[in-house]
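# A look at the structure
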Amino acid sequence: MIDIEKIRRDTPSCQNILHFNSAGSSLMPTSVFDALRNVLRDENEVGGYEAERRAQDDIQAFYTEFAGLLNAGPDEIAYVENATRAWDMAFYGLHLGPGDRVITHASEYASNYLALMQQSHRLGFEIDLVPSDDTGQINVNALDAMVGPQTKLIAITHVPTQGGLINPAAEVGTVAKKHGVFYLLDACQSVGQIEVDVEEIGCDVLSGTGRKFLRGPRGTGFLYVRRSALDRIDPPFIDLHSATWSETNGYELAAGAKRFQNWESYVAGRVGLMEAVRYARNVGLANIETRVVDLADHLRDALSEIDGVSVHDLGLKKSGIVTFSKDGVESKSIADGLRTQNMNVSVAPVTAARLDFEERGLPAMVRASVHYFNTQEEITRFVGAVKKA
């Protein structure tokens, strides 16, 4: 069970704001803020290299903590400065070309789909969209039937940015393994709010961020690369950390996932993200998932009872992301009005996931994303404010 009073004491901002924007950037626990501040203090007092030496134990713990979080090996984890670059480091390193086919879903995030289109234009491969089932999630049977000899990649988003949908990542992994197809999973919105086990899912690569449901600092991200997938990816760029200049005209890539890292990085952020993972693991991801799902279900039910409000979340299973619109009121106006009442939400625009929005005929939506530090009382206050919007 989660000690919600302790969690909220560890999150002093909860006393001042109602934060339903963890899908954008969550609130850091005090221990994460302290970890950041300690490294920055050392950088100020003794210099960046010296501060990094002092932080070596915490820097190494980054790999073991993430390994424990994802059920991976420490050598399968890399620090990357954000989720988009983590995803890019894998995708842009794949060997794709004319005649190849890549399967994705209409819920795919804009940054990923833009990259798919760019590389499709450059390299000549084709993009296929797997249809949704009756619940709105990926139709796994249709996916299985779509995979052919030219299918080289399945790239999907676990929890889309524009709604509560949780795609059936493990079932997709079963299909990918059956056909021997490379499987790239964007877990930007899932890691930190639900349990994510890379062995159960079966993905070759998984990317994510620190600032969202992990409650870490901005400007931090991570990449998981399965050992057996390493040699199928040629890192799109390397430096003296990701490779060794082993002879005049030759080099050797670093062992494991560290070949996708850079020498220069946000050391304070790495330590802060490590502490965020440690904090989440101490709370327990099963506990977090149970509470987040329960709070989000209550929020959806309460919003659905408001005249003129439509909740737009799809999926057999739903996450802590709740999206809605209100007749006759622009979503941006609702978000702006809530902010004046110290209530934080964000707006999901059409450009964040154009395929999904256009297919469902949706306008921009208000995105209210709860986390385990939120309370039922906050949901009641929030719903009251939406009624008046």
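Up top you'll find the structure we're talking about.
## Concerning unusual backbone geometry
- Look at arginine 215: it is not a glycine, yet its phi comes out positive at around 70°.
- Secondary-structure assignment places arginine 215 in the loop between strand 7 (205-209) and strand 8 (221-225).

## Quick look at the nonpolar core
- Core analysis: the biggest nonpolar cluster contains 80 residues, and Leu70, Leu206 and Phe382 have the highest contact counts within it.
- The contact partners of leucine 70, leaving out residues within four places of it in the chain, are Ile77, Val191, Val196, Asp197, Val198, Leu206, Phe222 and Tyr224.
- With 26 residues, the next largest nonpolar core counts Met89, Ala115, Ala155 and Leu223 among its residues.

## Quick notes on the environment of glycine 180
- Turning to its location among the elements, glycine 180 is positioned in the loop between helix 8 (169-179) and strand 6 (182-186).
- You can call glycine 180 exposed: its relative accessible area is 52%.
- On a C-alpha basis, the gap between glycine 180 and alanine 352 in space is 30 Å, while along the polypeptide they are 172 residues apart.

## Focus: the pairing of strand 4 (residues 126-130)
- Sheet topology note: the strand 3 (residues 101-105)/strand 4 ladder contains five bridges and is parallel. Bridged to isoleucine 103 within strand 4 is aspartate 128.
- For the crossover from strand 3 across helix 6 (residues 110-123) to strand 4, the handedness is right-handed.

## Concerning the packing of helix 2 (residues 30-46) against helix 10 (residues 267-283)
- At a closest axis distance of 8 Å, the pairing of helix 2 and helix 10 adopts a crossing angle of 155°. By the criterion of interaxial angle, the relationship of helix 2 to helix 10 is roughly antiparallel. Here the hand of the crossing between helix 2 and helix 10 comes out right-handed. Residues Ser31, Val32, Ala35, Leu36, Val39, Leu40 and Glu43 of helix 2 pack against Val267, Ala268, Gly269, Val271, Gly272, Glu275, Ala276 and Tyr279 of helix 10.
- A class-by-class count of the residues in the contact of helix 2 with helix 10 yields ten nonpolar, three polar and two charged.

## Comments concerning the environment of asparagine 21
- On the secondary structure map, asparagine 21 appears in the loop between strand 1 (18-19) and helix 2.
- Non-local contacts of asparagine 21, meaning those with residues more than four positions away in its chain, are made with Ser26, Asn344, Val345, Ser346, Arg367 and Ser369.

## Quick notes on the pattern of salt bridges
- Counted according to the given criterion, the structure contains 23 salt bridges.
- In this structure, aspartate 10 and lysine 6 form a salt bridge, with 2.7 Å as the shortest nitrogen-oxygen distance.
- Classification of aspartate 10 as buried rests on a relative accessible area of 18%.
- Residue lysine 6 is classed as partly exposed on the basis of its relative accessible area, which comes to 39%.
- Here glutamate 50 ties to arginine 53 by a salt bridge, and the two come within 3.6 Å at their closest N and O atoms. One end of the pair is glutamate 50 and the other is arginine 53, both in helix 3 (residues 48-54) and three residues apart, which spans about a single turn.
- Connected through salt bridges with shared partners, the residues Arg41, Asp42 and Arg54 form a single ionic network.

Definitions and limits used
- Residues numbered from 1 in each chain as written.
- Predicted model: local features only at pLDDT ≥ 70, side-chain atom pairs only at ≥ 80, totals over all residues.
- Heavy atoms only, no water.
- Helix = DSSP H or I, 4+ residues; strand = E, 2+ residues; numbered from the N terminus.
- Core = buried A, V, L, I, M, F, W, Y, C linked by side-chain atoms within 4.5 Å.
- Buried < 20%, exposed > 50% of the residue type's maximum accessible area, 1.4 Å probe, protein only.
- Contact = heavy atoms within 4.5 Å.
- Pairing = 2+ DSSP bridges.
- Right-handed = clockwise from strand over helix to strand, strands pointing away.
- Axes fitted to C-alpha atoms, helices over the stretch in contact; angles between N-to-C directions.
- Parallel < 35°, antiparallel > 145°, perpendicular 65-115°, else oblique.
- Left-handed = near helix turned anticlockwise from the far one by under 90°.
- Nonpolar A, V, L, I, M, F, W, Y, C, P; charged D, E, K, R; others polar.
- Salt bridge = Lys/Arg side-chain N within 4 Å of Asp/Glu carboxyl O.

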